[in-house]
Amino acid sequence: YAHEILKQDVAFTLCWCGLLALIARWRMLGFASWPIAWLAYLLWLFLVLGEGVSYSLQADTFNARFFAHLNPVNLTAGLMAFPAMIGGGMVLLVIMAALCAFLMRHLAHRQGGGRGRSVAIRIVTIAALLLLVLGLNSPLRRLGVYVRDAERSAQFADTPEGRAVARQLDLFPTTRKRLIAAPGKNLVLIYMESLERQFWDRRVYPGLSPNLDRLRAQGLDFSGFQTFSGAGYTMAGVFASQCGIPLYTSAFAGIDEAAGNATDAGTFEPKLVCLGDVLRRAGYRQIFLGGAPISFSNKGLFFSIHGYNQAWGLDELEGEAGGKLPRAGWGLYDSTLFELALQRYRKLEATGKPFNLSLLTLDTHPPHGRPSPGCPAYAQDPNRVLQAVHCTDFLVGRFIDALAKEPDWNRTVVVIMSDHLAMRNDAEPLYPEHYHRQPALLVLNAGQGVRPVRMYHMDIAPTVLNLLGVRSNASFIAGADRSAPDAQASILQDNAVTESVLRKASWSHAGRLELCRDGQLLGWTAGGDFDLGGRELSMTYLGVPSAGIRDGQTLDFFMDKENAKLIIADDKDQPALLASRGAVSVLTIGLLPRNEGAGKLFTIDLLGTHGAVAHIAKIGQLRGLTIAAPDCQVLLDQVDAAPAGTRMDLADRFHTTTAPYADLPPAPAVATLAGPQALNYQRGSGWLWPQGWGSMAWGSQATLGFKLPAAQCHGATMRMTVDPYLPASRPVLDTQVWANGKSIATWHFRRDAAAGAQAGAGDAHVFMQVTAPLTGDTRCDAAIELRFERPGSVSAVIPEGEDPRDLQILVRDLGIDRALP
């Protein structure tokens, strides 16, 4: 944070606060003067504190890395790692906001209101302060410069230089549907947090990394590995190394930021073939383990999209261990992580099938580092970051030595690499002046030697696949194999033009968006996603896959001529999303009020670019939803052209259908709700994504739909195996069961001592069977609704620290008994 910037920031602060104080004091905006001035102050203060955190962690102002981490999901991990800075900043924000509100209100209500001062003096004073505010450097200006430069850079892709770069890329890589792969060796992939190559330099840090030095002599040392924009933080480095292209947020950047900048499935390119997709097609079992929460930066979502069978972080690993493991700051110590990884390696090895075990270390995380307990000390320097590097070097060496004793060692390739260059940290004063910093890459059991050619994170996936001996037709947009001694160096240059071309390639590699193609506005894919103009969009809520929406939410499809985005929005957040959408249409799906419309759950409306609203349809479920019209594009244009406040009814112009209910097997077979097959029965309202242990209701109601066998259509018994969620604050749960609009049963659940003790033990579940008499409608369709109530609960408000979802039960399976007598 340069001193010149600090001087201007101080001057800007005085002018800005003076300007706002005078607006309040002189009541220049009438009775709303002080509230508006207070909101302007609050916005500036939030930017100042946010930029302060950015400078503290990465020695830079607003950039892509800053916005990639500006996500409510990351707040918990941030508080764990930096309680004083993050928590203190939040407390300071509240105190300053309250103090400012008090002072401005006091100013606005002082007698006189600035009378006695001429209009000319006021105008001159305000004008002078405005000129100073506009002329001085400030967080507001730096944010504006970032946004302006980001917009300008998009234009570089269509220049002659940009087209020259595009010719160096594979803009049409192998698709998932055409992917072919056969297995090779096992893979252990270790991402070392911020442990860059300079720490391997014995001239600068003698004796700092003896184990990695030893291993380098035994394997392939990729000394030409360089960093690249779009791979400068953990999730970006992981994505670029696995998918062959840097990580860029969605083209709908404004909507992303209004939604908390949630990294969703679209950002992780679900159609792109990545390393995990190739290995999955080749039959590998794939597991990721990391010491930080798996929700941080939505790592779990990325690995689930791209072929991994399991992605576990702090909470999952602690749950498996039956209690808290040693940890500090961000999460588990590396010593614990490697112990758990060795156990997992042996289990994978015992299966006799190829596997990929990926790890992400944590002890060397900037800015301070935190060595695992029991590590040998680095005698040359007490610096905490160097101690953490020395510790991780020791743990990696010990882990590799243990693997070398395992039967499958010779059939296992080990990749050890930096996730990215170190951000601002306590060891920076020790860096040699003008030192060329690089990420590190070392591969074991795939040959020996040094590979000095220039390569980037994007080259790692094809390089690793070749070293594994995996035979595949996979190709990558910006990556190539650099493992051969005579391999060609990457000709890509890390500059604004290349970044612009790669960004455009990332957003459009799936093909041109084509709204109303063949008259279809919205379709349904075989994989269970929505198809909007050729873009496959999956339902996710804050990065977590969802089976639908709950009460208080909408499903919003944002679309313009270039791209499309799907967001599950809470009612409180939707106004901000719509306000930030720009010249974008929105297809929105919301829940109808309970009991409105026979068998209809959802209403579909189209919001035009100017604010006109057109009603499209009411439907009974989301699964299989398609919306089409012969004059689809004409109708869209009409809605977009209509002024704000216009309401239109296009229900008779669009043809809207959903999938028929799934057929249950003949009685007394049971339909499990513990996997993707559960989606056949769930109607898109009130369910989390099904897991291996069943489906969890989400919200105050959950809906199901299925077709009864003909013999049971007019009389049967529905049976469910359920585990009600009954914490101490809500020991009673009533679940009303409705079928085809009629109440058929009420299930009363009570928390007793035995069930309560067992339910509180880790992931243990107490399942019970419940039944309800059932009849279908004239078509034997059964529309089931579970309504949750909590009579006699200890607290009407969910206590802090408890699961924030309203009321819920876990459903493992359902079945239909024989027809009643």
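What counts, and at which threshold
- Residues numbered from 1 in each chain as written.
- Predicted model: local features only at pLDDT ≥ 70, side-chain atom pairs only at ≥ 80, totals over all residues.
- Heavy atoms only, no water.
- Helix = DSSP H or I, 4+ residues; strand = E, 2+ residues; numbered from the N terminus.
- Buried < 20%, exposed > 50% of the residue type's maximum accessible area, 1.4 Å probe, protein only.
- Contact = heavy atoms within 4.5 Å.
- Areas by Shrake-Rupley, 256 points an atom, 1.4 Å probe, with all protein chains shown as cover.
- Phe/Tyr/Trp six-rings, centres within 6.5 Å; stacked < 30°, edge-to-face > 60°.
- Lys NZ or Arg CZ within 6 Å of the ring centre and 35° of its normal.
- Salt bridge = Lys/Arg side-chain N within 4 Å of Asp/Glu carboxyl O.
- Disulfide = S-S within 2.5 Å.
- pLDDT = per-residue confidence, 0-100.
- Pairing = 2+ DSSP bridges.
- Axes fitted to C-alpha atoms, helices over the stretch in contact; angles between N-to-C directions.
- Polar contact = N/O pair within 3.5 Å; in protein donor to acceptor, adjacent residues only side chain to side chain.
- Parallel < 35°, antiparallel > 145°, perpendicular 65-115°, else oblique.
- Nonpolar A, V, L, I, M, F, W, Y, C, P; charged D, E, K, R; others polar.
- Arc of directions from axis to C-beta.
- Core = buried A, V, L, I, M, F, W, Y, C linked by side-chain atoms within 4.5 Å.
- Patch = residues over 30% accessible without salt bridge, like charges linked within 9 Å, V, L, I, M, F, W, Y side chains within 5 Å.

Enquirer: Explain the overall build of the protein chain here, please?
Expert: Scanning the protein chain from terminus to terminus reveals 21 helices and 34 strands. When each of the 821 residues of the protein chain is scored for burial, the buried share is 54%. For the protein chain, the proportion of contacts with a sequence separation of at least 24, taken over those separated by at least 6, is 73%. Summing over all exposed atoms, the protein chain offers an accessible surface of approximately 35300 Å²; the carbon and sulfur share of this is 58%.

Enquirer: Explain the packing of aromatic side chains here, please?
Expert: Between two aromatic rings, the relevant description is the distance of the centres plus the angle of the planes. Under the counting rule described, the total for this entry stands at 14 aromatic pairs. Between Phe12 and Trp16, the ring centres sit 5.8 Å apart and the planes meet at 15°, which makes this aromatic pair stacked. Highlighted residues: Phe12 and Trp16, both in helix 1 (residues 3-25), separated by four residues, approximately one helical turn. Neither residue differs from the other here; Phe12 and Trp16 are each classed as buried. Ring geometry for Phe199 versus Tyr205: centroids 5.5 Å apart, planes at 45°, classification tilted. A relative accessible area of 2% places Phe199 in the buried class. Ring-pair connections join several aromatic residues into one group, and the members of that group are Phe239, Phe268, Phe288, Phe302, Phe303 and Tyr308. Stacked on the ring of Trp738, the Lys or Arg Arg787 has its end atom at 3.9 Å from the ring centre. The ring of Phe767 carries the charged tip of Arg812 above its face, separated from the ring centre by 4.2 Å.

Enquirer: I keep staring at the pattern of salt bridges and nothing clicks. Help me out?
Expert: Inspection of every chain in the model, using the stated rule, returns 27 salt bridges. As a salt-bridge pair, Arg437 and Glu196 come within 2.7 Å of each other at their nearest N and O atoms. Linking Arg437 in the loop between strand 9 (412-418) and strand 10 (441-444) with Glu196 in the loop between strand 2 (186-192) and helix 9 (210-218), this pair joins segments that are 241 residues apart in sequence. Its relative accessible area of 25% is what places Arg437 among the partly exposed residues.

Enquirer: What should I look at first to understand the state of the cysteines in this one?
Expert: Any covalent bond linking the sulfur atoms of two cysteines counts as a disulfide. Applying the stated criterion across every chain, the model contains four disulfides. When the bonded cysteines of the protein chain are numbered from the N-terminus onward, they pair as 1-2, 3-4, 5-6, 7-8. Cys17 takes part in no disulfide bond, and the closest cysteine sulfur to it belongs to Cys100, at a distance of 7.3 Å. The exposure class of Cys17 is partly exposed, given its relative accessible area of 27%. By relative accessible area, which is 8% here, Cys100 ends up buried.

Enquirer: What should I look at first to understand the confidence of the model for the protein chain in this one?
Expert: Looking at the protein chain, the pLDDT average stands at 85 and 88% of residues meet or exceed 70. Here helix 21 (residues 753-759) stands out as the least confident element of the protein chain, with mean pLDDT 41; strand 2 is the most confident, with 98. Throughout residues 257-262 the model reports pLDDT below 50, and contacts reaching past four residues in sequence, or to other chains, amount to 17 contacts. In this model, residues 753-763 is a region of pLDDT below 50 whose contacts with residues beyond four sequence positions or in other chains number seven contacts.

Enquirer: Would you mind going over the sheet that holds strand 8 (residues 355-360) with me for this structure?
Expert: Sheet strands line up and pair through hydrogen bonds in the backbone, either parallel or antiparallel. Read from one edge of the open sheet, eight strands run 5-4-8-2-9-10-3-11, paired in mixed fashion. Looking at strand neighbours, the two that pair on one side only are strand 5 (310-312) and strand 11 (449-450), the edges of this open sheet. Its contacts with the sheet place helix 15 (residues 334-351) against strand 2, strand 4 (285-290), strand 5, strand 8 and strand 9, and it is angled at close to 175° to strand 8.

Enquirer: Explain the side chain of Ser418 to me, please; I cannot follow it from the model alone.
Expert: When you line up the elements, Ser418 lands in strand 9. For Ser418, a relative accessible area of 0% gives the class buried. In this structure the side chain of Ser418 is engaged in a polar contact, spanning 2.7 Å, whose partner is the backbone oxygen of Leu195. Residues contacting Ser418, with those up to four places away along its chain left out, are Met192, Leu195, Glu196, Pro439, Ala440 and His457.

Enquirer: Looking at this model, I keep getting lost on the sheet that holds strand 23 (residues 626-628). Mind explaining?
Expert: Spatial ordering of the open sheet is given by 15-14-13-23-25, a layout of five strands whose pairing is antiparallel. Here the strands that pair on one side only, and so sit at the sheet edges, are strand 15 (535-537) and strand 25 (655-657). Going across the sheet, the axis of each strand differs from the next one's by a mean of 20°, ignoring polarity. When strand 13 (residues 520-524) meets strand 14 (residues 530-532), the two strands line up antiparallel, connected through two bridges. Along strand 14, the bridge assignment pairs Trp524 with Phe530.

Enquirer: In this structure, what is going on with the packing of helix 9 against helix 16 (residues 384-403)? I would like to understand it.
Expert: Put simply, helix 9 and helix 16 touch, their axes get as near as 7 Å, and they point 45° apart. Classified by the interaxial angle, the pair formed by helix 9 and helix 16 is oblique. Here helix 9 contributes Pro210, Asn211, Leu212, Arg214 and Leu215 to the contact with helix 16, which in turn contributes His390, Asp393, Phe394, Val396, Gly397, Ile400 and Asp401. Broken down by class, the residue content of the contact of helix 9 with helix 16 amounts to six nonpolar, three polar and three charged.

Enquirer: Would you mind going over the pairing of strand 31 (residues 742-750) with me for this structure?
Expert: Within a regular strand, side chains alternate between the sheet's two faces. Note that strand 30 (residues 732-739) and strand 31 share eight bridges and pair antiparallel. By the bridge assignment, Thr735 is partnered in strand 31 with Trp747.

Enquirer: Where do I start with helix 20 (residues 632-641) in this structure?
Expert: Each turn of an α-helix holds 3.6 residues, which means side chains three or four residues apart point in the same direction. Cys632, Leu635, Leu636, Val639 and Asp640 are the residues of helix 20 that are buried. Relative to the axis of helix 20, the buried residues are bounded by an arc of 135° and lie together on one face. Among the structural elements, strand 13, strand 20 (585-591), strand 21 (602-607), strand 22 (613-619) and strand 24 (647-649) are those in contact with the buried residues of helix 20.

Enquirer: What is the right way to look at the pairing of strand 18 (residues 553-559) in this model?
Expert: Of all the seven residues making up strand 18, seven are buried; the element is thus mostly covered by neighbouring parts of the structure. Here strand 18 shows a buried face lined by Gln553, Leu555, Phe557 and Met559 and a second buried face lined by Thr554, Asp556 and Phe558. Direction of pairing for strand 18 relative to strand 19 (residues 564-570): antiparallel, over a ladder of seven bridges. Following the sheet pairing, Leu555 is matched in strand 19 by Ile568. Note that strand 18 and strand 20 share six bridges and pair antiparallel. Directly across from Asp556, in strand 20, lies its bridge partner Thr588.

Enquirer: Help me out: how do you make sense of the nonpolar core in this one?
Expert: The tendency in soluble globular proteins is for nonpolar side chains to be buried side by side. Counting residues in each nonpolar core, the largest one holds 61 residues, and the members touching the most others are Leu187, Phe268, Leu279, Phe302, Val415 and Leu441. Elements with a minimum of two residues in this core: strand 2, helix 10 (234-243), helix 12 (275-281), helix 13 (299-305), strand 9, strand 10, helix 17 (460-468) and helix 18 (496-508). At six residues, the largest contribution of residues to this core is made by helix 17. Among all residues touching Leu441, those that are not within four sequence positions of it are Trp200, Leu220, Asp221, Phe222, Phe225, Val415, Ile416, Met417, Met455 and Ile460.

Enquirer: Explanation requested: a nonpolar patch on the surface in the structure shown.
Expert: Taken together, the side chains of Leu6, Val10 and Leu14 define a hydrophobic patch exposed on the protein surface, amounting to about 280 Å² of accessible area. Structurally, Leu14 is set in helix 1. Exposure remark for Leu14: the relative accessible area of 63% places this residue in the exposed category.

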